[in-house]
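# Residue-level structure breakdown
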Amino acid sequence: MTLNEVSDIVDKIKVHRPNFCYGYSREKADKLKLEWYRVLEDYECHDVDKKLDEYLKSENNQGRYPDAFYLIKYLKTQTEKAMTSKNYVRCSSCGKVVDLKQYEKHHDRCLSIEYLCKMSRNYFQKNLDKEKLFKLSDAEFEEKYWKFCEKLYDVMEEGLSKYCLKNAILTHYGEEPQYVIKEVSEGIKNEIE
């Protein structure tokens, strides 16, 4: 789990148990989240969130506060899941453990996010939030990705990268590539020299 995901879990508890952390200073609340993060970081958010839902729904727990160790009881860490099942692999780009069936899709998104972050830093001097990009639906991500690529194309210097980006944008929209092999080859030759 990320620190933001742990923060979301703590905030969810506050919604259902309004007195949880009541009266805590900002500093003390931040320390609480850091300690919860230390306990929960090796677990997957959806597993912990499901366990929290079960806790909150139970009549035996009415008015009681869950603790971080209760939420991980009987859960497997990401590493344990990877070791006990051949259905999980570690992403070569971000290191996250992913279901094998989802790996190609995850890896493609991961590489696209890396590209967006790198180009945003290099050309717009802005750091993008990778977690927010991962949370977008496929349709939202694709729309934002191609809008970013169009803006990026406008500010890129002439050369191979710009030619390739233009071709990618055109073919994405079902059009013929503008730059042919000769121009791309010249771009490669110029970059090598």
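We now turn to the structure provided with this report.

Scoring rules and cut-offs
Residues numbered from 1 in each chain as written. Predicted model: local features only at pLDDT ≥ 70, side-chain atom pairs only at ≥ 80, totals over all residues. Heavy atoms only, no water. Axes fitted to C-alpha atoms, helices over the stretch in contact; angles between N-to-C directions. Helix = DSSP H or I, 4+ residues; strand = E, 2+ residues; numbered from the N terminus. Left-handed = near helix turned anticlockwise from the far one by under 90°. Contact = heavy atoms within 4.5 Å. Phe/Tyr/Trp six-rings, centres within 6.5 Å; stacked < 30°, edge-to-face > 60°. Buried < 20%, exposed > 50% of the residue type's maximum accessible area, 1.4 Å probe, protein only. Lys NZ or Arg CZ within 6 Å of the ring centre and 35° of its normal. 1 Å grid on protein atoms, 1.4 Å probe; cavity = no way out; pocket = protein on both sides within 12 Å on 5 of 7 lines; lining within 4 Å. Points joined across faces, edges and corners; volume = space filled by probe spheres on them. Nonpolar A, V, L, I, M, F, W, Y, C, P; charged D, E, K, R; others polar.

### Concerning the packing of helix H1 (residues 3-16) against helix H2 (residues 26-40)
Across the interface, H1 lies against H2 with an axial gap of 9 Å and an inter-helix angle of 115 degrees. Note on packing geometry: the crossing formed by H1 with H2 is right-handed. Counting all contacts with H1, which are made through Leu3, Val6, Ser7, Ile9, Val10, Asp11, Ile13 and Lys14, the residues of H2 involved are Leu32, Lys33, Leu34, Trp36, Tyr37 and Leu40.

### Quick notes on the packing of aromatic side chains
Applying the stated criterion across every chain yields a total of seven aromatic pairs. Consider the rings of Tyr115 and Tyr145, whose centres lie 6.5 Å apart with planes at 45 degrees: the pair is tilted. Taken together, the positions of Tyr115 in helix H6 (residues 103-124) and Tyr145 in helix H8 (residues 138-155) put the pair 30 residues apart, joining distant regions of the chain. You can call Tyr115 partly exposed: its relative accessible area is 26%. Given a relative accessible area of 16%, Tyr145 falls into the buried group. Ring centres 5.6 Å apart and planes at 70 degrees place the aromatic pair Phe124 and Phe148 in the edge-to-face group. With Phe124 in helix H6 and Phe148 in helix H8, the pair connects residues that are 24 residues apart, well separated along the chain. A residue is classified by how much of its surface remains accessible, and Phe124, at 28% relative accessible area, is partly exposed. Connected via pairs of aromatic rings, a cluster forms that spans Tyr115, Phe141, Tyr145 and Trp146. The ring of Phe141 carries Arg109 above its face, with NZ or CZ at 4.2 Å from the centroid. Stacked on the ring of Tyr153, the Lys or Arg Lys166 has its end atom at 5.0 Å from the ring centre.

### Considerations on the layout of surface pockets
The space that makes up the largest pocket amounts to roughly 1100 Å³. What lines the largest pocket is a set of 36 residues, and nearest its centre among them are Lys96, His106, Arg109, Phe134 and Lys135. Looking at the lining of the largest pocket, the elements that each hand over two or more residues are H1, helix H3 (45-57), strand S2 (97-99), H6, helix H7 (130-135) and H8. It is H6 that contributes the most residues to the lining of the largest pocket, eight residues altogether. Tallied by class, residues from the lining of the largest pocket come to 14 nonpolar, seven polar and 15 charged. Approximately 290 Å³ is the volume found for the second largest pocket. Lining the second largest pocket, in full, are Leu116, Ser120, Phe124, Lys126, Leu128, Leu133, Lys144, Tyr145, Lys147, Phe148 and Lys151. At five residues, the largest contribution of residues to the lining of the second largest pocket is made by H8.

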